[in-house]
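Summary of the model geometry
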Amino acid sequence: MLDFFWNDVFRFQLKRTNNEYEAEEITIQTFSRAFDKISTYNKEYKFKTWLITISKNIHIDSKRVKSIPTLSVDKSLEKNIVDETPSAEDQLITEQNLISLLFHIKQLKPHYQEVIRYRFFEEMSYKDIAETLDEPMNNIKVKLLRAKKLLAESIKERE
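These numbers were taken from a predicted model, which means no experiment stands behind them.

1. Let's talk about the nonpolar core
W6, F31, L51, I116 and I129 are the most contacted members of the largest nonpolar core, which totals 30 residues. Listing elements by their share of this core, those giving two or more residues are α1 (2-17), α2 (20-36), α3 (47-65), α6 (110-121), α7 (126-133) and α8 (137-158). The element contributing the most residues to this core is α3, with six residues. If near-sequence neighbours (up to four positions away) are discounted, W6 is found in contact with E24, T27, I28, F31, Y112, V142 and R146.

2. Notes on α2
Between its terminal C-alpha atoms α2 stretches 24 Å, which fits the 24 Å expected from 17 residues at 1.5 Å a residue. Looking only at α2, the buried set comprises E22, A23, E24, E25, I26, T27, I28, T30, F31, S32 and A34. In this structure N19 caps α2, since a side-chain oxygen of it lies 2.9 Å from the backbone nitrogen of Y21.

3. Topic: the packing of aromatic side chains
In total, this model carries six aromatic pairs according to the counting rule given. Each ring, one from F5 and one from F47, has its centre 5.3 Å from the other, and the planes form 50°; the classification is tilted. With F5 in helix α1 and F47 in helix α3, the pair connects residues that are 42 residues apart, well separated along the chain. The burial state of F5 is the same as that of F47; both residues are buried. With a centroid separation of 5.4 Å and 45° between ring planes, the pair formed by F47 and W50 is classed as tilted.

4. Concerning the packing of α2 against α8
One way to put it is that α2 packs onto α8 with a least axis distance of 9 Å and a crossing angle of 115°. Taken together, the axes of α2 and α8 lie roughly perpendicular to each other. For the pair α2 and α8, the sense of crossing is right-handed. Residues E25, I28, Q29, F31, S32, F35 and D36 of α2 form the contact with α8, whose own contacting residues are N138, N139, V142 and K143. Here the residues of the contact of α2 with α8 are counted per class, giving four nonpolar, four polar and three charged.

Rules used in this analysis
Residues numbered from 1 in each chain as written. Predicted model: local features only at pLDDT ≥ 70, side-chain atom pairs only at ≥ 80, totals over all residues. Heavy atoms only, no water. Core = buried A, V, L, I, M, F, W, Y, C linked by side-chain atoms within 4.5 Å. Buried < 20%, exposed > 50% of the residue type's maximum accessible area, 1.4 Å probe, protein only. Helix = DSSP H or I, 4+ residues; strand = E, 2+ residues; numbered from the N terminus. Contact = heavy atoms within 4.5 Å. Expected span 1.5 Å × (residues − 1). Polar contact = N/O pair within 3.5 Å; in protein donor to acceptor, adjacent residues only side chain to side chain. Phe/Tyr/Trp six-rings, centres within 6.5 Å; stacked < 30°, edge-to-face > 60°. Axes fitted to C-alpha atoms, helices over the stretch in contact; angles between N-to-C directions. Parallel < 35°, antiparallel > 145°, perpendicular 65-115°, else oblique. Left-handed = near helix turned anticlockwise from the far one by under 90°. Nonpolar A, V, L, I, M, F, W, Y, C, P; charged D, E, K, R; others polar.

Such coordinate-based values are descriptive only and should not be taken to indicate function.
Below you can see the structure in the form of C-alpha cells.
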C-alpha cells in the first residue's frame, strides 16, 4: 500500500504546500492515520480517493494550527547522525559494508537519518523515539518504513 500510493499522496501535497518537507510530513501522517483507521475504509470507493481525502483533511488541520513543527538541522546535529568508527574487531569483519551503509544513510534526508540512528544505532524502541521526537508512534513507524525503503533503493542503485 505504502509503495503503491506514496507518490500520489506526496505529489498531491506538494502541489498544495509548495514545500517538499511539509508535503512529506503530511504524507507520513496520512499513511499513519490510514493504518489507524483502515477499518473505516468503505470498499465501494477507490482506496486512492480515501487516502487523498485523509491527506487533504490533515493539510486543512495543519493550516488551522498555523504551522507544522519543523526540524532545524545544524552542523552539530549532522555530526551526531554519523556513527563513530567501529572497533578493530568490527572493522575486520564489516568495514566495507559499514562504510557503504553509512554512505547510503548520509544520502537520506536528515529526519530519516535521525530515526535510523535512534532505532538501529542507539537501539531505541518506537515509543522512545516517538517521545524523543515528540511525534506519534505511528509517524515514527511510517518514517522508519520509508527510510528503510529509500535506503534499500539507494543501495540497489549503486550496485
